[in-house]
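Survey of secondary and tertiary structure
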Amino acid sequence: MSKLILKPGREHSLARRHPWIFSGAVAAVDGDAAAGDVVDIVSSKGEMLGHGAYSPDSQIRARILSFGDCAVLPPADLVRERVFASVARRGNFFVEGYTNGIRLVNAESDALPGVVADAYGEWVVCQLTSAFADRHKRAIADALMMAHPSCRGVSMRSDVDSRRKEGLEVGGFMNLAGEEPPELIEIFEGPCKFLVDVRAGHKTGFYLDQREARAAVGRLANNCDVLNCFSYTGGFGVFARANGANSVLQVDISADALDLARRNTELLGLCHSNTDFVKADVFKYLRSCRDEGRTFDLIVLDPPKFAEAKAHAMKAARGYKDINLLAMKLLRPGGFLATFSCSGAMTSELFDKVLMEAAADAKRDFQIVARTRQAEDHPVLVSFPEGLYLKGAILRAL
Ligand code: SAH
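Residues numbered from 1 in each chain as written. Predicted model: local features only at pLDDT ≥ 70, side-chain atom pairs only at ≥ 80, totals over all residues. Heavy atoms only, no water.

A complete count under the given rule lists 25 salt bridges for this structure. Across the salt bridge formed by arginine 214 and glutamate 189, the nearest N and O atoms sit 2.8 Å from each other. Here arginine 214 is found in helix α6 (residues 211-220), whereas its partner glutamate 189 is found in strand β12 (residues 185-189), with 25 residues between them in sequence. The pair formed by arginine 214 and glutamate 189 is uniform in burial state, with each residue classed as buried. Through salt bridges that share partners, Arg63, Glu108 and Glu166 make up one connected network. (Salt bridge = Lys/Arg side-chain N within 4 Å of Asp/Glu carboxyl O. Helix = DSSP H or I, 4+ residues; strand = E, 2+ residues; numbered from the N terminus. Buried < 20%, exposed > 50% of the residue type's maximum accessible area, 1.4 Å probe, protein only.)

Let's shift gears to the sheet that holds strand β18 (residues 331-341). Strand order in the open sheet formed by seven strands is β16-β15-β14-β17-β18-β20-β19, with mixed pairing between adjacent strands. Lying at the two open borders of the sheet, with one neighbouring strand each, are β16 (275-279) and β19 (366-373). For this sheet, the mean inter-axis angle between neighbouring strands, taken without regard to orientation, is 15 degrees. Direction of pairing for strand β17 (residues 296-301) relative to β18: parallel, over a ladder of five bridges. In the strand pairing of β18, valine 300 is matched with alanine 338. Strands β18, β19 and β20 (391-397) of the sheet are contacted by helix α11 (residues 348-362), whose axis makes an angle of about 25 degrees with β20. (Pairing = 2+ DSSP bridges. Axes fitted to C-alpha atoms, helices over the stretch in contact; angles between N-to-C directions. Contact = heavy atoms within 4.5 Å.)

The next thing to look at is the site of the ligand. Taken together, 16 residues lie around the ligand, and Phe230, Asp252, Asp281, Val282 and Asp302 are the ones closest in. Here a nitrogen atom of the ligand and a backbone polar atom of isoleucine 253 are 3.1 Å apart. With the chains in place, 89% of the 590 Å² that the ligand exposes on its own is no longer accessible. Across the shell around the ligand, the residue classes break down as nine nonpolar, four polar and three charged. (Near = heavy atom within 4 Å. Polar contact = N/O pair within 3.5 Å; in protein donor to acceptor, adjacent residues only side chain to side chain. Areas by Shrake-Rupley, 256 points an atom, 1.4 Å probe, with all protein chains shown as cover. Nonpolar A, V, L, I, M, F, W, Y, C, P; charged D, E, K, R; others polar.)

Turning to the nonpolar core, a few remarks are in order. Counting residues in hydrophobic clusters, the biggest one holds 40 residues, and the most contacted among them are Leu227, Leu286 and Ile299. Listing elements by their share of this core, those giving two or more residues are β14 (225-229), β15 (247-252), α9 (282-292), β17, α10 (313-329), β18, α11 and β20. Among residues more than four places away in sequence, those in contact with leucine 227 are Leu249, Val251, Tyr285, Leu286, Phe296, Leu298, Ile299 and Val300. (Core = buried A, V, L, I, M, F, W, Y, C linked by side-chain atoms within 4.5 Å.)

With mixed pairing, the five strands of this open sheet are ordered in space as β7-β8-β9-β10-β11. Both outer strands of the open sheet, β7 (101-106) and β11 (173-178), are each paired with one neighbouring strand and no more. Ignoring strand direction, the axes of neighbouring strands in this sheet form an average angle of 25 degrees. The pairing of β7 with strand β8 (residues 115-120) spans five bridges and is classified as antiparallel. In the sheet register, valine 105 faces β8, and the bridge partner there is alanine 117. In the packing of helix α4 (residues 137-147) onto the sheet, contacts are made with β7, β8, β9 (123-128), β10 (153-157) and β11, and the angle to β11 comes to roughly 55 degrees.

We now examine the packing of α9 against α10. When two helices pack together, their arrangement is given by the angle between the helix axes and the distance between those axes. Packing of α9 against α10 brings their axes to within 9 Å, and their N-to-C directions diverge by 30 degrees. The angle between α9 and α10 places the two elements in the roughly parallel class. Here the hand of the crossing between α9 and α10 comes out left-handed. Contact with α9, carried on its side by Val282, Phe283, Leu286, Arg287 and Arg290, involves Gly319, Asp322, Ile323 and Leu326 of α10 and no other residues of that element. Split into classes, the residues belonging to the contact of α9 with α10 amount to five nonpolar, one polar and three charged. (Parallel < 35°, antiparallel > 145°, perpendicular 65-115°, else oblique. Left-handed = near helix turned anticlockwise from the far one by under 90°.)

Below, the structure is given as structure tokens:
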């Protein structure tokens, strides 16, 4: 097995069980390791620190598969064992029958670096973003076929940008095992049903990570006039309507997204959905609401990533402040703002600061009544804070 030798003093992040080794920490690679190979990770003094998956084209040069000086299973066996363990951990998350849309594997935090696998009913869709994950995609798919009850097929999306950083091909949709999934898969979540486009939808098709936040918004929605900004497939608005919202406005810049939101609303089967769909830029739409003096009881702000990297965090903060300030002004007294950031580069502290400044500029007082984060099937390894990307707060206007 090839050896990846660290520079002197660069063992500390491994000692803290952080799973990444950056290129700057590597002194040399001894042997002819290829992308996706398992390598020994060795300190500058020759101590065996663990095993890692090698990524020669990435800034993240290796991802830890196991710590310490013990034997490691052959990759196909390791992948199978970890997929089964990860799927088994989901077993005790869900009250029976609440949903059939579940993240089965959450990458580093489930000890499978670069492997994301989401189940939509009987179909599983993966995103593979490390050389190791891509190399072992068949083994991963076979394991998922066996581990996920009544699985009919496992497919993969390779359009995710981070593959480029690993030197992996960025392409389309590929079936890996079993049958091809249908164009749209219907899933259920609580009282709602959603159509999931696993080929072209965001991520693997649906924002499973916002499940708990959708439920929290639903609990506040009875009798409310709701404005759902950046609505995409309409998740928050559909949940609000299912929970007795008086009216729902779904706002998104994409006509296709609104189309899907409309179909998801129809799946509620209510004769008066009281839902309107507005194709608009949220930044402009919120200003037009302000100018027309419109107000709401519940506003949801779930924008796309404004910051890809830490370097863009300040610019992103201005964008977040702008929409939060505008939304704060549109709330009726006692109204709620459910506001989110899915940029990993936007820390919880910075997000709180943005909300504080927005409230100050809006000249209004707000209570934080709840905080939300990515749902529990998107766990975060304690030693890997990078795994936490989604944060949210529910504020009440006084
Ligand atoms: N809240 C959604 C996820 C939002 S994803 C859910 O729960 O499923 C971000 C959405 O914002 C995308 O649908 C995208 O089309 C939309 N979007 C991006 N920029 C926008 C803008 N300036 N105005 C309105 N919508 C925008």
